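Survey of secondary and tertiary structure
Here's the letter readout for the chains.
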Amino acid sequence: MANSKRPPVDIDDLTNSLRESSGKGIGAFFPTPPQREGPAPVDTAHFPTQPHIAPRAEPEKRKQARRDDVTTSVRHDVNYRARKEIIEETESHNSSLRITNEEKYAVKDLIDELERKYKVRTSLNEIARLGLLYIIEDFKTERLESLIMKVKKS
């Protein structure tokens, strides 16, 4: 047999530890580390790594929220036809867009609803480009009050 450098297992200690663990025998195999002095560890449960995606509100509540929301830009001066031509018919360059699974699912739901309910065909690429155009235009007109500035300065 090979020479093992592991200490022998004390069966009595193992049995006692399992009895004291109240059915949670993990303590016998993975004892809790000694407490260190110094700052307490940060509870990361309050710092989500993914953005929260709010559930959909009823149509009347969404309409009311839009009327009451004074920070939403008014889009009465947007040339919709020009935006459509830009996102559908202009030359574009390859790029990568990093999104979370929740964002991917939300965009897929949006695309599916547009196609099934409203018979509007679109893609993640078109939605992303439209969003970029909106953010660029918002910054050009609003500067310090633009969405991008408010988000980045918050």
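Think of each chain on its own: its residues are numbered from 1, step by step along the sequence as written. Only residues with pLDDT of at least 70 get local features here, since the model is predicted, and only at 80 or more are side-chain atom pairs given and counted; chain-wide, interface and lining totals rely on the full set of residues. Where side-chain values are given, they derive from all heavy atoms of the structure, hydrogens and water being excluded.

What to know about the packing of helix α4 (residues 80-89) against helix α6 (residues 124-142)
What counts as an axis is a line fitted to C-alpha atoms, over the stretch in contact for a helix, and the angles between N-to-C directions run from 0 to 180 degrees. Per the convention used, a helix needs a DSSP run of H or I reaching at least four residues, while a strand needs a run of E reaching at least two, with both numbered from the N terminus. Put simply, α4 and α6 touch, their axes get as near as 9 Å, and they point 135 degrees apart. When the axes of α4 and α6 are compared, the pair comes out oblique. Here α4 and α6 pass one another in a crossing that is right-handed. In this structure, α4 uses Arg83, Ile86, Ile87 and Glu88 to contact α6, whose residues at the interface are Glu126, Arg129, Leu130, Leu133, Tyr134 and Glu137. For this classification, under 35 degrees means roughly parallel, over 145 means roughly antiparallel, 65 to 115 means roughly perpendicular, and everything else is oblique. Crossings are sorted by hand: turned counterclockwise from the far helix by less than a right angle, the near helix makes the crossing left-handed, and turned clockwise it makes it right-handed. The contact criterion used is simple: two residues touch if any of their non-hydrogen atoms lie within 4.5 Å.

Remarks on the pattern of salt bridges
Any carboxyl oxygen of Asp or Glu that lies within 4 Å of a side-chain nitrogen of Lys or Arg is treated as forming a salt bridge with it. A full pass over the atoms with the stated rule returns one salt bridge. For Glu145, the salt bridge is made with Lys150, and the minimal N-O distance between the two is 3.7 Å.

Some details on helix α5 (residues 101-118)
Helices are assigned an expected span. That span is 1.5 Å times one less than the residue count. Helix length check: α5, at 18 residues, gives a terminal C-alpha distance of 25 Å against a target of 26 Å (1.5 Å per residue), a fit within 8%. Directly after α5, the chain includes Lys119, whose backbone phi takes a positive value near 55 degrees.

A few points about unusual backbone geometry
The phi angle at Lys119 is positive, at roughly 55 degrees, despite the residue not being glycine. The residue Lys119 is located in the loop between α5 and α6 in this model. The backbone phi angle of Arg143 is positive, close to 45 degrees, even though this residue is not glycine.

Some points on the confidence of the model for the chain
Keep in mind that low pLDDT regions are not for reading the predicted coordinates in detail. Every residue is assigned a pLDDT by the predictor, reflecting its confidence on a scale from 0 to 100. Of the residues in the chain, 59% reach a pLDDT of 70 or more, and the chain-wide mean stands at 76. At the low end of the mean pLDDT range in the chain sits helix α2 (residues 26-29), at 54; at the high end sits α5, at 96.

Quick word on a nonpolar patch on the surface
Only residues above 30% relative accessible area that lack a salt bridge enter a patch, with like-charged residues linked at up to 9 Å and the nonpolar side chains Val, Leu, Ile, Met, Phe, Trp and Tyr linked at up to 5 Å. A 1.4 Å probe and the Shrake-Rupley method give the accessible areas. Residues count as covered only by the protein chains that appear here. Taken together, the side chains of Ile135, Phe139, Leu147, Ile148 and Val151 present a nonpolar region at the surface, about 380 Å² in accessible area. Mapped onto the nonpolar patch, the elements with two or more residues apiece are α6 and α7 (147-153). At three residues, the largest contribution of residues to the nonpolar patch is made by α7. Residue placement: Ile135 occurs in helix α6. Each residue is placed in one exposure class: buried if its accessible area under a 1.4 Å probe, protein chains only, is under 20% of its type's maximum, exposed if it is over 50%, and partly exposed if it falls in between. By relative accessible area, which is 32% here, Ile135 ends up partly exposed.

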